[in-house]
Amino acid sequence: MKQLFLSIFSVLIPLFSYTQTTLSGTVKNKRGEPLTVTVTVQAKGSNAITGFTTTDGEGRYSLTYKGTVDSLVVTASGVSVGKHSRIVPNRPGQVDFSIEEKAMELKEVTVTAAPIRRNGDTLSYSVSAYTRQNDRTIEDVLKKMPGIKVDASGTISYNQKPINKFYIENLDLLQGRYGIATKNIEAKDVSTVQVMENHQPIKVLADKVFSDAAAINLKLKESARGKLIMTALAGAGYEPAMWNAELAAMYFASRKQNMTTYKGNNAARDLSAEIGMHRGYDHGYGGGLEDVSMLSVAAPSTPPVGKNRYIDNISNSITTNQLFKLDKDMEMTLSAIYYNDRVEKEGYSLSEQFLPGDSSVRIEESIKSLTRTNNLEMSVKLNSNAEKNFFNNSLNIKGNWNNDRGTGITRSNVGDMNETLSQYLSKPAFSVDNSLDFIKEIGKKNYKIFFSVAYNHSPHNLTVTPANYFGSKNLSSLEQSVVSNNLSSSLRTSYGLKVRNVNIDYGIWGSVDLKGLDTELTGTDTASLFVTAADSLKNDLWYNTCQVGINQNYTYSNNGRLKVTLAIPVVNHTLAINDRIPDKSTQYNRWIINPSLKVSYDLTRELAASMGGNFQKNYGNMGNAYTGYIMHSYRSLLRNTIDHLFESRSGGANISLQYRDAFRQLFFNMGANYGKSWSNLLYGFDYNGIMQVKKTIDQPTQSENYGFNFSGSKGFDFWKTTLNVSGGYSEGRGDQLIQDEILTYRSEGYNAGASINTTPSTFINLSYSFGWSKSWSFSEELPTRFPAIRSQNHSAGIWVNPTKSFGINLSGDYRYNSAVNNRNTTFLDARMRYKNGKTEWELECNNLFNVKQYISASYTNLSTYYYRYNLRPRSLLLNVRFKLK
């Protein structure tokens, strides 16, 4: 298989680098002033235009012809200049126009705007070209645009890469939480969606630090600018008794913007996707500290279907985002978000872990869980983004007071366990961070300084009752407390200059990260007496790192077509561990060089190739340092037993081709990747009854993975159709430690998918999508092989609109999993929508077949896992939406 991927790497670029004719030039008037006109190319004697573009601000253009004819016709045309054509040989060259300005005589015509237009690195999608009668929000329309993908979480990708900025009228109001915009701004208020390829959000770094990510900008219609827009929604339904409420207000002007929303429901609407921070987003600051709990409550596994089919919730969210444009380049952004959620889950699971020899651990769980979430986040950001300098200061404050509760019955073949257990986890957290970023250009040199400081405090507590399964019949309950504190700060300075086509950036930086961990596992006996923790059940640990380094970044650009970026950071890493329970202090010092290389080349205007590679070394982490036991969950007891510093190395390479042709509405992306990692310690688990106990051995181990993927999308004017396809292959291998035996673990998987959305008439819209996958995992040392798991999902929908104000929708969802006896699950939903002036009525019925459970399973020759999840019953919900202003 490795040879196959090496072959893919070696043939991808030659396969696509076919011969093409690239023509470029300028269009100017007789006075030498640049003109903004349209330039087209076609074969001599043919009426078919095969390429077009628009000149830039300096009158320059570049376009490509694919074909074998002898001569081409290049035409420059515009309202103010008329139409001018030149016949040229079919070979690369420069074709300049010097034009006498005159008005073109226009006949009465009906003009249909092109669905996508390109101007340099910016694509402009006409929203009206992709909007159907039943599309309400701009997200509905984005999903139909070729080259753009919106996943289930709301993350937007362009040509398979998440966007790095989302603007409304060129302003970044929402700072990465753009779901608030895409799910609330109505499609009828947006004229154009602009995709800015290779977007560098910091102006002073343009042409110095290259980006391969795109940004999106919403251009609003004149009727939506500078006016207050308010909408509201009220809904009620059954079964169970349901309610749904929304209120949204928004204002977009040239010097200030605001979006304020309230949403609440118990009707399985997931609000977290709307207010979440999206991956890949360039926040312009260092970011805060993640609050990840070491403790967890056992809860039912959630099924791979839409959340509207299974979450039993009571959710509320309030958001407000305000942007003030203080002057031409300076903005202030204020935001506050409160999110409250209550989610109940109920399900059953059966897992079996096969151990070396003929034994196994079999665990059944019937669990009900309740998760309560209360999150409050506030931020203030001041940003100045000018051509010669950049300033950004961001202050973020976060607090949450969340808890989980679980009750259920656990049965096991180990010790004939049959217990009713109760779990409760309290996990409040508080964090604050501030970052300052300043860049100044003087002459051809850049001077940068960045400073950040962040603090996080998380006191978490897990209680399990009863606890006699823990090995003592006298224990009534166990209580695990984990208090973590984290203070970090970093300072970076750098100096940049340009030497011919090479941008050079040298920097000196330092960072300090102080982590404290205080844990204790205590209990209460059957006589209600407190049981103190032995030293082996406690941790009082400080894990402090200090890094000082030199950054070296070299960027080469050859007229924008070839871009090469090489980074060679050199870091001195000092780690000090103070484990106070055994009164032991250890210090390590390591030098680290983590080089990376990225190369991209524009073969044509439409076709680009890129490749990259990196190597990294890492030393230690808090999770591998504590030596006292921590009960991470009611059946997971972990500690570290090896007195060695965890060391790892990893390297990887990737190659990809991207094709984007706005004229043909065609986008395609394919790529391959390879990765390998090595570490000096091997982690695994032993089983003591149902308890999973962490085991560490001094054994070097390595793993590797390969992957290949492709995706494409095409828009057709015929029936206003959008077609998407995707697929991929992945393989990986590594080592596992189970009951003191090292096993080699392998996994393989294939996947493919496609979707189509089409409108064969003004009153019918059809959609269909499918996904297919095949995967298997196994240990090479064990003789047993289970068959591959195959899964499919098919979704189809139809909208019938007898009138412009009335629509009927029917949608179905089919799921298949070969690993279970009940392999097929089918859902059917229906809705009706009626618009009357500023009011819209919608009646929806979900789960018409009243499917009560979703069943799934997975297995390897090391373990099996089966689960059932209780779904929401058939329900009816009536929503009324109002346009208040």
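Numbering of residues starts from 1 in each chain and follows the order in which that chain's sequence is written. Given that this is a predicted model, residues contribute local features only at a pLDDT of at least 70 and side-chain atom pairs are listed and counted only at 80 or more, while totals for whole chains, interfaces and linings are drawn from all residues. Side-chain numbers come from the whole structure's heavy atoms, not from hydrogens or water.

Engineer: Could you clarify how one ought to interpret the overall build of the protein in this entry?
Structural biologist: Helix and strand assignments follow DSSP, with helices taken as H or I runs no shorter than four residues and strands as E runs no shorter than two, numbered in order from the N terminus. Secondary structure assignment for the protein yields five helices and 51 strands. A globule of 885 residues ought to have a C-alpha radius of gyration of about 29 Å, and the protein, at 30 Å, matches this closely. Dimensions of the protein along its principal axes, counting C-alpha atoms only, are 100 × 65 × 60 Å. Out of the 885 residues in the protein, the part that is buried amounts to 46%. Between two residues, a contact is recorded if the distance between any of their heavy atoms is within 4.5 Å. Residue pairs at least 24 apart in sequence account for 65% of intrachain contacts in the protein once pairs closer than 6 positions are excluded. For the accessible areas, the method is Shrake-Rupley and the probe is 1.4 Å, while residue cover comes only from the protein chains on display. Total accessible area on the protein is roughly 41,500 Å²; 54% of this is exposed by carbon and sulfur atoms. Across the protein, 97 positive and 79 negative side-chain charges occur, with their mean positions spaced 7 Å apart. This radius of gyration counts C-alpha atoms alone. The globule rule is 2.2 Å times how many residues there are, raised to the power 0.38. A 1.4 Å probe rolled over the protein chains alone gives each residue an accessible area, and that area as a share of the maximum for its type sets the label: buried under 20%, exposed over 50%, partly exposed in between. Only four residue types enter the tally: Lys and Arg on the positive side, Asp and Glu on the negative side, with His and both chain ends excluded. A charge is said to be at NZ when it belongs to Lys, at CZ for Arg, at CG for Asp and at CD for Glu.

Engineer: Help me understand the sheet that holds strand β13 (residues 161-162) in this model?
Structural biologist: Strands pair in a sheet through their backbones, by hydrogen bonds, and they do so in one of two ways: parallel or antiparallel. A sheet is described by the order of its strands in space; here three strands give the open sequence β11-β12-β13, paired in antiparallel fashion. For this open sheet the edge positions go to β11 (148-150) and β13, each flanked by a neighbour on one side alone. Only strands joined by at least two bridges in the DSSP assignment are considered to pair.

Engineer: In this structure, what is going on with the confidence of the model for the protein? I would like to understand it.
Structural biologist: In regions of low pLDDT, the predicted coordinates are not meant to be interpreted in detail. By definition, pLDDT measures how confident the predictor is in each residue, and it falls between 0 and 100. Averaged over every residue, the pLDDT of the protein is 90; the share at 70 or more is 95%. The low-confidence segment residues 4-18 (pLDDT under 50) makes 24 contacts with residues lying over four places distant or belonging to another chain.

Engineer: I would appreciate a short explanation of the side chain of Q480 in the present structure.
Structural biologist: Note on placement: Q480 falls in strand β26 (residues 475-499). Judged by its relative accessible area of 0%, Q480 is buried. Polar contacts here mean pairs of N or O atoms no more than 3.5 Å apart (in protein, one a potential hydrogen donor and the other a potential acceptor; neighbouring residues in sequence count only if both atoms are side-chain atoms). Here the side chain of Q480 touches E520 through a polar contact of 3.2 Å, landing on its backbone oxygen.

Engineer: What exactly am I supposed to notice about the packing of aromatic side chains here?
Structural biologist: For any pair of aromatic rings, geometry is given as the distance between the ring centres together with the angle between the planes. Here is the rule: rings of Phe, Tyr and Trp (six-membered ring for Trp) pair when centre to centre is within 6.5 Å. Planes less than 30 degrees apart are stacked, more than 60 are edge-to-face, and the remainder are tilted. Considering all chains together, one arrives at 14 aromatic pairs under this definition. Between Y125 and Y130, the ring centres sit 6.3 Å apart and the planes meet at 55°, which makes this aromatic pair tilted. For the pair shown, Y125 and Y130 are each scored as buried. With 5.9 Å between their ring centres and 85° between their planes, Y506 and Y554 make a pair best called edge-to-face. On the criterion of sequence distance, the pair formed by Y506 in strand β27 (residues 502-525) and Y554 in strand β29 (residues 538-558) is long-range, its members being 48 residues apart. On the accessibility criterion, Y554 (23% relative accessible area) is partly exposed. An aromatic cluster is built from Y125, Y130, Y158 and F667, whose rings are joined through pairwise contacts.

Engineer: Looking at this model, I keep getting lost on the sheet that holds strand β15 (residues 190-196). Mind explaining?
Structural biologist: Strands sit in the order β9-β10-β15-β16-β14 across an open sheet of five strands; the sheet is mixed. At either end of the open sheet lies a strand with only one pairing partner, and these are β9 (116-119) and β14 (165-168). Averaged over all pairs of adjacent strands, the angle between strand axes in this sheet comes to 20°, irrespective of strand direction. As defined by bridge partners, β15 adjoins strand β16 (residues 215-220) across six bridges and the pair is classed as antiparallel. Comment: axis = line fitted to C-alpha atoms, over the contacting stretch for helices; angle = value between 0 and 180 degrees taken between N-to-C directions.

Engineer: What's the story with the environment of T22 in this structure? I'm lost.
Structural biologist: Among the secondary structure elements, T22 is positioned in strand β1 (residues 21-29). A relative accessible area of 30% means that T22 is categorised as partly exposed. When the C-alpha atoms of T22 and P92 are compared, they prove to be 5.0 Å apart, with 70 residues separating the residues in sequence. In contact with T22, other than residues within four places in its own chain, are S62, L63, T64, P92 and G93.

Engineer: Even after reading the chapter, I still don't get the pairing of strand β45 (residues 789-803), so can you show me in this structure?
Structural biologist: In summary, the side chains of a regular strand alternate between the two faces of the sheet. Here strand β44 (residues 764-779) runs beside β45; their pairing, made up of 12 bridges, is antiparallel. Paired with S773 across the two strands is S791, which belongs to β45. Sheet topology note: the β45/strand β46 (residues 806-817) ladder contains 11 bridges and is antiparallel. Bridging from a neighbouring strand, V800 pairs with I808 of β46. Turn length for the β45-β46 hairpin, with the two strands adjacent in sequence and antiparallel, is two residues.

Engineer: Before we go on, may I ask you to explain unusual backbone geometry in this structure?
Structural biologist: In this model, Y238 is joined to E239 through a cis peptide bond whose omega is 20°. Assignment of secondary structure puts E239 in the loop between β17 (228-238) and β18 (242-252). Here the amide bond leading from T465 into P466 is cis, since omega sits at -10°, within 30 degrees of zero. On the secondary structure map, P466 appears in the loop between β25 (445-465) and β26. If you check the backbone angles, K720 has positive phi at about 50° while not being a glycine.

Engineer: What should I look at first to understand the pattern of salt bridges in this one?
Structural biologist: Oppositely charged side chains are able to pair whenever their charged atoms sit close together. For this document, the term salt bridge refers to a Lys or Arg side-chain nitrogen within 4 Å of an Asp or Glu carboxyl oxygen. Under the criterion given, the structure shown has 48 salt bridges. One salt bridge connects K188 with D189, and the closest N-O pair in it is separated by 3.7 Å. On the basis of relative accessible area, K188 is assigned to the partly exposed category, the value being 47%. Residues joined in a network through salt bridges with shared partners are R136, E246, K263, E274, R831, R833, E840, E842 and R881.

Engineer: Sorry, what's going on with the environment of E344 here?
Structural biologist: Tracing the chain through its elements places E344 in strand β21 (residues 330-354). Its relative accessible area of 33% is what places E344 among the partly exposed residues. Contact partners of E344, with chain neighbours within four places excluded, come to D312, S369, L370 and Y869. A polar contact of 2.8 Å, which involves the side chain of E344, links it to the side chain of R342.

Engineer: Explanation requested: the pairing of strand β37 (residues 647-661) in the structure shown.
Structural biologist: Direction of pairing for strand β34 (residues 607-619) relative to β37: antiparallel, over a ladder of 13 bridges. Looking across to β37, one finds that A608 is bridged to Q658. Across 14 bridges, the pairing between β37 and strand β38 (residues 666-679) is antiparallel. When the bridges of β38 are listed, N654 appears paired with N673.

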